[in-house]
Amino acid sequence: MSLSVSTVEIEEIEALDVVEHVLALADWDFDRDEADSVQCVASTKWGDMGALFAVRSEPAAVHFSLTIDVKPRAGKHAAIRELVVAMNERLWLGHFDFWADENVVLFRHTLPLTGRDAPGQGEIHAVLSAAIEAAERFIPAFNFMVWAGKTPIDAIAAVLFETDGEA
């Protein structure tokens, strides 16, 4: 699924209508299951992941979350938190969260709607792009730590290593 979408001027439209429009242009699967949320599937090089856009009236905002396909073990919770902090230091938009009670890692970002009814298409596109880029870059760090026994420092160092060219 591609994120290359054209911009079309939309006026006087609800926030989730803009979200649905951008997702449709990008040919993403999505479903508005309630009046205030849209679920979609984000395709990454590590597989499909569930995502959610939700509208909140007070304060007015559109919240986005992408569930990261990682299965943290109970003994790794402190290390997961340390890794999340290290990853967040490197993100320009959005952040990772670890909800220990639910054993879930998420990428999240909120778009405030102060003085307006809906975000711009470019904002939705930017959030989706940032989420996919962050997931594709940092999921291996979680796996290095959870499954290969690396420390958070070693796991983050491994994913930040970049090579020139292709093998």
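Just so you know, these numbers come straight off a predicted model, no measurement behind them. (Residues numbered from 1 in each chain as written. Predicted model: local features only at pLDDT ≥ 70, side-chain atom pairs only at ≥ 80, totals over all residues. Heavy atoms only, no water.)

Colleague: Even after reading the chapter, I still don't get the pairing of strand β2 (residues 37-44), so can you show me in this structure?
Modeller: The two faces of the sheet receive side chains in turn, since in a regular strand these alternate between them. In this structure, strand β1 (residues 30-34) lies alongside β2, joined through 3 bridges in antiparallel fashion. Bridged to Phe 30 within β2 is Cys 40. Looking at chain direction, β2 and strand β3 (residues 47-57) are connected through 8 bridges and run antiparallel. Paired with Ser 43 across the strands is Asp 48, a residue of β3. Hairpin connection from β2 to β3: 2 residues lie between these consecutive antiparallel strands. (Pairing = 2+ DSSP bridges. Helix = DSSP H or I, 4+ residues; strand = E, 2+ residues; numbered from the N terminus.)

Colleague: Would you mind going over a negative patch on the surface with me for this structure?
Modeller: Together, Asp 31, Asp 33, Glu 34 and Asp 36 make up a region of like negative charge exposed at the surface. Along the chain, Asp 33 turns up in strand β1. The class for Asp 33 is partly exposed, based on a relative accessible area of 36%. (Patch = residues over 30% accessible without salt bridge, like charges linked within 9 Å, V, L, I, M, F, W, Y side chains within 5 Å. Areas by Shrake-Rupley, 256 points an atom, 1.4 Å probe, with all protein chains shown as cover. Salt bridge = Lys/Arg side-chain N within 4 Å of Asp/Glu carboxyl O. Lys, Arg positive; Asp, Glu negative; His and termini not counted. Charge placed at Lys NZ, Arg CZ, Asp CG, Glu CD. Buried < 20%, exposed > 50% of the residue type's maximum accessible area, 1.4 Å probe, protein only.)

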